[in-house]
Amino acid sequence: MLVLMTMQITRRHAALGAVGAALSACAPQGASPFAAPRSRTFPDDFLWGVASAAFQTEGALAADGRGQSVWDVFPRERIHDGSDASVACDSYRRFSEDVGLIADAGLKVHRLSIAWPRIVPDGVGALRMMPAGWAGVNQAGLDHYARVVDAHLERGVTPYATLFHWDLPLALQERGGWRERDTAQRFADYAAVVSETLGDRLKHFVVLNEAAVHAVLGHVVGEHAPGQADAALLGPAIHHQNLAQGMAIQAMRAGRGDLTIGTTMALMPSRAAGGWLAPLHRLAADDFDEVWNGAFLDPVFKGSYPKTALGMVESVLREGDLTVTRQPLDFLGVNYYAPSYMRFDRDAPSHLAPADPPPGVTLDAFGRHIDPSGLFEVLTRLRDAYGNPRVIITENGCSDPFSDGPAMIDDRFRIEYVRRHLEAVMSAMEAGANIGGYFHWTLIDNWEWAEGYRSKFGLVAMDRTTGVRTPKASYAWFKALAESGELTTA
Ligand code: GCO
């Protein structure tokens, strides 16, 4: 089932449909089923920010005792432009300049990530508190992030630190990675080290980034590191990440009582193909929903797994685990780019297969349907089915059409994309959803995983030869929005 299921979200596969994507490719079209917002003014305390990830931006992979991650050894031949992230945005060294760009745009938050292999280079060091401090921890890595946090605070930018944005220490992968329950404990230890040592000034945490994407693309499709293609790994990769998250939250809260802790999920409405088999397509789409969305939402909010997901995790689920996974969150981070489309397929082992988006809709550079109504749908579902948690949009944004050339500086398509998605956010807020902020993906064009540098999501362009940063039109637009709270009309 899952091999087919995951074809839907295989970016390479989806990207085929996007060949020749034009400048207008990011401009949404068609009627949106959510009501136009009555107001275009966001509340004064609405958080405006940007999001980034360590491996996509830092470079300096060997600096200051960093260990390797699964992404360090992911074969370059499997990256579309044959590139690697050894330089990326050079943000390990240029972080002050990056913070300046954020602050100068009037943004109050930077969601960044901490690289686990910089803190625990071998992933498995004896982390328990020793009389002399933490054993197995790389002090130089902690010192680096202390400087990064301070640089943010000095400019009035609050860092939200993601603890795991897919860069698992390679040594842990060699011991089985997310297949193994022990990885959850190692993660909780690492999370405790970070919150204990940096928590005097770093108060906001995002525990996991898109565990669904990591489980599926990394373990079943093999398009992301660790590059495994084994459907049997899905259940363990789902459950051990959920368990790791619960254990980490417990450990962090035990150490400090003043932290704001959330987690981030890649939520997609699961839509069914049409036609005379539509009722069967609906069943397939519901199965997919249970694995992609429910398998991560339910354990943390309800202490359970939906039926389809339960069948996958049963072999690794132990008594008491679902009490651990169910933890109060201070916020749920929602990353939204597109809905998924699924269909029933009699010949597939699972009867489940990806479907094309409806004909005529606008696609993004990855071949995904650009549809802000999907974001509205996700936000109102959280309101209705998960107790209306505080939500922050922790990622949303739009790539230029894929290109090895320079970025598009006059990126009106990106402005239009963000504007339309923020209308969906405002409309959901007016319908009672509890939404506290929007962090744009991303600040600077960076290394986009399997796409390498050919996919560019930034408000700021980067010259890869010189590292020089050049703000795009969207940077000025987003600054005006963040400073005024007023969403302009087209
Ligand atoms: C993800 C990640 C980001 C991506 C972004 C654009 O969703 O894949 O969180 O690392 O770069 O989503 O694709």
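A brief look at the structure comes next.

Judged by nonpolar contacts, the single largest core of 150 residues is most densely connected at Trp48, Trp71, Ile119, Phe187, Val334, Val425 and Ile435. Residues contacting Phe187, with those up to four places away along its chain left out, are Trp116, Leu163, Phe164, Trp178, Val207, Leu208, Ala244 and Ala248.

For the rest of this paragraph, the subject is the site of the ligand. With respect to spatial proximity, 12 residues lie near the ligand, and among them Gln56, Glu210, Glu395, Glu448 and Trp449 are the closest. One nitrogen or oxygen atom from the side chain of Glu210 is found 2.6 Å from an oxygen atom belonging to the ligand. Separating an oxygen atom of the ligand from a side-chain N or O atom of Glu395 is a distance of 2.6 Å. Protein burial of the ligand: of its 320 Å² of free accessible surface, 99% is covered by the chains.

Now for the layout of surface pockets. What the second largest pocket holds in volume is close to 240 Å³. For the second largest pocket, the lining is made up of 19 residues, of which Gly405, Pro406, Lys456, Met462 and Arg464 are closest to its centre. When its residues are assigned to classes, the lining of the second largest pocket shows 7 nonpolar, 5 polar and 7 charged.

What follows concerns the pattern of salt bridges. Under the defined criterion, the tally for this structure stands at 31 salt bridges. Between Asp72 and Arg66 there is a salt bridge, with its nearest N and O atoms 2.8 Å apart. Arg271 is paired through a salt bridge with Asp371; the nearest N and O atoms lie 2.6 Å apart. With Arg271 in strand 8 (residues 270–272) and Asp371 in the loop between strand 11 (352–354) and helix 14 (372–385), the pair connects residues that are 100 residues apart, well separated along the chain. The class for Arg271 is buried, based on a relative accessible area of 15%.

Here we come to the sheet that holds strand 13 (residues 435–441). Pairing within the closed barrel is parallel, and its 8 strands lie in the order 1-2-5-6-7-9-12-13. Between one strand and the next, the sheet's axes are offset by a mean angle of 25 degrees, whatever the strand orientation. Here 5 bridges tie strand 1 (residues 47–51) to strand 13, and the two strands are oriented parallel to one another. What sits directly across from Gly49, in strand 13, is Phe439. Sitting on the sheet, helix 15 (residues 412–430) touches strand 1, strand 12 (391–395) and strand 13, and the angle it makes with strand 13 is about 165 degrees. Against the sheet, helix 16 (residues 473–484) contacts strand 1 and strand 13, and its axis sits at roughly 150 degrees relative to strand 1.

Attention now goes to the state of the cysteines. By the definition in use, this model includes 0 disulfides. Considering cysteine sulfurs only, Cys398 is the nearest to Cys89, which forms no disulfide, with 18 Å between them. Overall, Cys89 belongs to the buried group, its relative accessible area being 1%.

Cut-offs applied
Residues numbered from 1 in each chain as written. Predicted model: local features only at pLDDT ≥ 70, side-chain atom pairs only at ≥ 80, totals over all residues. Heavy atoms only, no water. Core = buried A, V, L, I, M, F, W, Y, C linked by side-chain atoms within 4.5 Å. Buried < 20%, exposed > 50% of the residue type's maximum accessible area, 1.4 Å probe, protein only. Contact = heavy atoms within 4.5 Å. Near = heavy atom within 4 Å. Polar contact = N/O pair within 3.5 Å; in protein donor to acceptor, adjacent residues only side chain to side chain. Areas by Shrake-Rupley, 256 points an atom, 1.4 Å probe, with all protein chains shown as cover. 1 Å grid on protein atoms, 1.4 Å probe; cavity = no way out; pocket = protein on both sides within 12 Å on 5 of 7 lines; lining within 4 Å. Points joined across faces, edges and corners; volume = space filled by probe spheres on them. Nonpolar A, V, L, I, M, F, W, Y, C, P; charged D, E, K, R; others polar. Salt bridge = Lys/Arg side-chain N within 4 Å of Asp/Glu carboxyl O. Helix = DSSP H or I, 4+ residues; strand = E, 2+ residues; numbered from the N terminus. Pairing = 2+ DSSP bridges. Axes fitted to C-alpha atoms, helices over the stretch in contact; angles between N-to-C directions. Disulfide = S-S within 2.5 Å.

These values are about where atoms sit, not about what they do.
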